[in-house]
Amino acid sequence: MASYDVCVIGAGPAGFAAAMRSWDFGKRVCLVERGRLGGAGVHNGALSSKTLWELSCDYRCALRRDRGYVASDLQVHFDAVMQVVEEATGSKVAQMQRQLQALAPRDGEPSRRESPGSIALVEGSARFIDAHTLEVSGAGTGESRRIHADAFIVATGSRPRSLPDIEVDGQRIITSDHIGRLARFPRSLVVLGAGVVGCEFATVFANFGQTKVYIIDRAERILPFEDPDVARVCSTNLEAKGVTIHHRAKLVSMRVVDDEVEYTIEHHTGGRETIRVEIALVSIGRAPNTSGLGLEDIGVKLDAAGHIIAEGTRTSVPHVYAVGDVTLDVALVSVGEIEGRHAAELAAGHTDRPLRHDNLSTIMFLDPEVAAIGLNEQQAQERRIPYRVAVYDYSLVNRPIAMRATDGFVKLLTTDDDELRILGMRALGVHSSTMLEAVSLMIQYGRSAKELAELLHPHPAVTEGLQDCVRMLMGTSIYKPCVFQSELRLSRIGYAEGTT
Ligand SMILES: Cc1cc2nc3c(=O)[nH]c(=O)nc-3n(C[C@H](O)[C@H](O)[C@H](O)COP(=O)(O)OP(=O)(O)OC[C@H]3O[C@@H](n4cnc5c(N)ncnc54)[C@H](O)[C@@H]3O)c2cc1C
């Protein structure tokens, strides 16, 4: 039986990062993967969907008629688009393979370069036999082998969640895993679920302009975790592309009839409506990949939905760590990678620093993109934190003006004191994600927003909107809220004493 210092199960972003960090410590690592290298971070997930999104935004831009040029005979074919997506994901897999080949164990030879460690990739599906032994069954071969390790890092990720009364057949009723299997752009598509992934796919298909898109949203507004002003603009933008959003609608049934998808919704008024579409995309969240791993048998605690319960990355079994989507933490590539690295450091005895999730930044790939970090107004008010907020419209910022893309705004929240420490930011508009890095550093180190006020920014850049937002909070902005009353907003939110 092969024996390793660390065995990582799953070669998505979390597992890959864990394996690489373990190698830094000179560990002999085994990385087990049952599917494709990269997991959902590459295939049917982050990278593939973002490639689709980029292409759809390019196409949408090429269709515009207000830019001094008019594209003629513009054509788009789903299979050609998917080929580009394959090229993107293929290039990432090739990089991962190249590194794994370079770091693979070599007979009798010490491992390469600066670490004495090695990483062996083992293909197959892993299952615990006992607390230190895995059985790995090869896909389709029926062959299995056993692996012993001192420490295990479980990074088996997640899969689309399904509903008991909706049969996902992968043809007409699909999940994000099946997008690549579509033969062409559907004529019509309903997205069940108005969360981030659902809204991103609605944006992609609406941008390509070949598909009538519907979204079924149980709540009053899409993206209910975001402030109403952000959600409102996102909704309006989707509707402007022809997307129909069924707000406050309950799905009564969804099934395949005559090779089409027939779905019935109940509006909040009680009225029922039945619509037929070519394809339904079920996008109602993700479920952890833990069944069949034998985790409970070795004492690893799971919650009712099957997520591994972890404190930081430590599970209830001291030498077993859990990272990425398989835990209850936010399901993002960045979170998975940080957790993977952290678990590898713990397993190597090299850290006892706590894992921080409070400075999480995200991008929602809508059109335009939405960047988020720290608290929004809704969260600050729920926690009864007094704050100041400045909102700066993109129409006053030169880069968006030059791009002819002034749809958007930056919203900055700070503490309601002289220090003006940044609590959070929401930015909606072209390049808005470029503002995240600076704000993230400021939040991480508890710095005052004032430090941004006199930085020499490149020009033109959308970050200038953020800078003038800070100046607005200090009463020193170049553009004055008393003049641009609809474009600039400055507010102070406090709470009456004695109220809860
Ligand atoms: C449509 C979509 C869009 C997304 N967009 C973004 C985005 O823009 N930004 C972002 O940060 N995140 C995004 N995400 C989320 C992101 O993809 C995940 O958070 C990330 O991939 C999680 O990484 P992971 O390593 O935990 O799991 P995964 O990426 O799911 O990898 C887990 C791996 O484990 C393997 N595995 C499972 N069980 C076993 C077993 N028993 N034995 C061996 N191997 C096993 C799987 O085959 C898989 O390769 C998106 C997700 C989806 C679905």
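Our structure is the block above this text.
Summarised in this report is the structure supplied together with it.

1. Here's the deal with the overall build of the protein
A count of helices and strands for the protein gives 12 helices and 23 strands. Relative to its length of 500 residues, the protein is compact, with a C-alpha radius of gyration of 25 Å against a globular reference of 23 Å. Its C-alpha atoms put the protein at 75 × 60 × 55 Å along the principal axes. Treating the 54 positive side-chain charges of the protein as one cloud and the 64 negative ones as another, the clouds have centres 1 Å apart.

2. Some remarks on the site of the ligand
Near the ligand lie 37 residues; those nearest to it are Glu 33, Ala 40, Ala 126, Asp 325 and Val 333. A distance of 3.0 Å is found between an oxygen atom of the ligand and a backbone nitrogen or oxygen belonging to Gly 41. A distance of 2.9 Å separates a nitrogen atom of the ligand from a polar backbone atom of Ala 126. With the chains in place, 91% of the 1000 Å² that the ligand exposes on its own is no longer accessible. Broken down by secondary-structure element, the contributors of at least two residues to the shell around the ligand are helix 1 (13-24), strand 2 (28-33), helix 2 (39-42), helix 3 (46-62), strand 4 (125-130) and helix 5 (196-208). Grouping the constituent residues of the shell around the ligand by class yields 16 nonpolar, 15 polar and 6 charged.

3. As for the side chain of Asn 376
Relative to the elements of secondary structure, Asn 376 occurs in the loop between strand 19 (370-374) and helix 8 (377-382). Judged by its relative accessible area of 0%, Asn 376 is buried. For Asn 376, the side chain forms a polar contact with the side chain of Glu 226, separated by 3.3 Å. In contact with Asn 376, not counting residues within four places along its chain, are Phe 225, Glu 226, Asp 227, Leu 413 and Arg 426.

4. Considerations on the sheet that holds strand 12 (residues 250-257)
Sheet architecture is open: 3 strands sit in the order 12-13-14, paired in antiparallel fashion. The sheet is open, and its two edges are formed by strand 12 and strand 14 (272-277), each paired on a single side. Geometrically, the sheet is characterised by an average inter-axis angle of 20 degrees between neighbouring strands, direction not taken into account. Of the pairings in the sheet, the one linking strand 13 (residues 260-266) to strand 14 comprises 6 bridges and is antiparallel in character. Across the sheet, residue Ile 265 finds its bridge partner in strand 14, namely Glu 273.

5. Considerations on the side chain of His 43
Following the sequence through the fold, His 43 ends up in the loop between helix 2 and helix 3. Using a relative accessible area of 11% as the deciding quantity, one classes His 43 as buried. Residue contacts for His 43: discarding those within four places in its chain leaves Arg 36, Leu 37, Gly 38, Ser 48, Thr 89 and Val 93.

6. Quick word on the state of the cysteines
For the structure shown, the criterion picks out 0 disulfides. Between Cys 199, a cysteine without a disulfide, and Cys 234, which holds the nearest cysteine sulfur, the sulfur-to-sulfur distance is 7.5 Å. Lacking any disulfide linkage, Cys 482 is separated from the closest cysteine sulfur, that of Cys 469, by 16 Å. The class for Cys 482 is exposed, based on a relative accessible area of 58%.

7. Thoughts on the packing of aromatic side chains
Going through the model one piece at a time under the given rule, you end up with 8 aromatic pairs. Ring centres of Phe 128 and Phe 152 lie 4.9 Å apart, and the angle between their planes is 70 degrees; this geometry places the pair in the edge-to-face category. Note that Phe 128 is positioned in strand 4 and Phe 152 in strand 6 (residues 144-154), a separation of 24 residues in sequence. Accessibility classification places Phe 128 together with Phe 152 in one group, the buried group. Where Phe 185 meets Phe 208, the ring centres are 5.0 Å apart and the plane angle is 45 degrees; that geometry is what we call tilted. Here Phe 208 lies in helix 5 and Phe 185 lies in the loop between strand 8 (173-174) and strand 9 (188-192), a separation of 23 residues in the sequence. Among the residues examined, Phe 208 registers a relative accessible area of 1% and is labelled buried.

8. Here's the deal with the nonpolar core
Among the nonpolar cores identified, the biggest contains 47 residues, and Leu 52 and Phe 205 are the most heavily contacted of them. No other element matches the 7 residues that helix 5 contributes to this core. The contact partners of Leu 52, leaving out residues within four places of it in the chain, are Val 81, Met 82, Val 85, Ile 179, Phe 201, Val 204 and Phe 208.

9. Points about helix 5
The terminal C-alpha atoms of helix 5 lie 19 Å apart, and with 13 residues this matches the ideal 18 Å at 1.5 Å per residue to within 8%. Buried residues dominate helix 5, accounting for 11 of its 13 residues. For helix 5, every residue scored as buried is listed here: Gly 198, Cys 199, Glu 200, Phe 201, Ala 202, Thr 203, Val 204, Phe 205, Ala 206, Asn 207 and Phe 208. Positive backbone phi, at 70 degrees, marks Gly 209, one or two positions downstream of helix 5.

10. Structural notes on the environment of Glu 377
Relative to the elements of secondary structure, Glu 377 occurs in helix 8. With relative accessibility at 10%, the residue Glu 377 sits in the buried group. As for Glu 377 and Ile 493, which are separated by 116 residues in sequence, their C-alpha atoms are 9.3 Å apart. In this structure Glu 377 touches Asp 227, Tyr 387, Val 389, Lys 411, Leu 413 and Arg 489, once residues within four positions along its chain are discounted. For Glu 377, the side chain forms a polar contact with the side chain of Tyr 387, separated by 2.8 Å.

11. Points about the pairing of strand 15 (residues 279-282)
Burial of the side chains of strand 15 extends over both faces: Ile 279 and Leu 281 are buried on one face and Ala 280 and Val 282 on the other. Relative to strand 15, strand 8 runs parallel, the two being bridged by 2 bridges. Each residue of the ladder has a partner; that of Ile 173, found in strand 15, is Ala 280. With 4 bridges joining them, strand 9 and strand 15 adopt parallel strand pairing. Pairing of Leu 192 across the sheet is with Val 282, part of strand 15.

Criteria and thresholds
Residues numbered from 1 in each chain as written. Predicted model: local features only at pLDDT ≥ 70, side-chain atom pairs only at ≥ 80, totals over all residues. Heavy atoms only, no water. Helix = DSSP H or I, 4+ residues; strand = E, 2+ residues; numbered from the N terminus. Rg over C-alpha atoms; globule rule 2.2 N^0.38 Å. Lys, Arg positive; Asp, Glu negative; His and termini not counted. Charge placed at Lys NZ, Arg CZ, Asp CG, Glu CD. Near = heavy atom within 4 Å. Polar contact = N/O pair within 3.5 Å; in protein donor to acceptor, adjacent residues only side chain to side chain. Areas by Shrake-Rupley, 256 points an atom, 1.4 Å probe, with all protein chains shown as cover. Nonpolar A, V, L, I, M, F, W, Y, C, P; charged D, E, K, R; others polar. Buried < 20%, exposed > 50% of the residue type's maximum accessible area, 1.4 Å probe, protein only. Contact = heavy atoms within 4.5 Å. Pairing = 2+ DSSP bridges. Axes fitted to C-alpha atoms, helices over the stretch in contact; angles between N-to-C directions. Disulfide = S-S within 2.5 Å. Phe/Tyr/Trp six-rings, centres within 6.5 Å; stacked < 30°, edge-to-face > 60°. Core = buried A, V, L, I, M, F, W, Y, C linked by side-chain atoms within 4.5 Å. Expected span 1.5 Å × (residues − 1).

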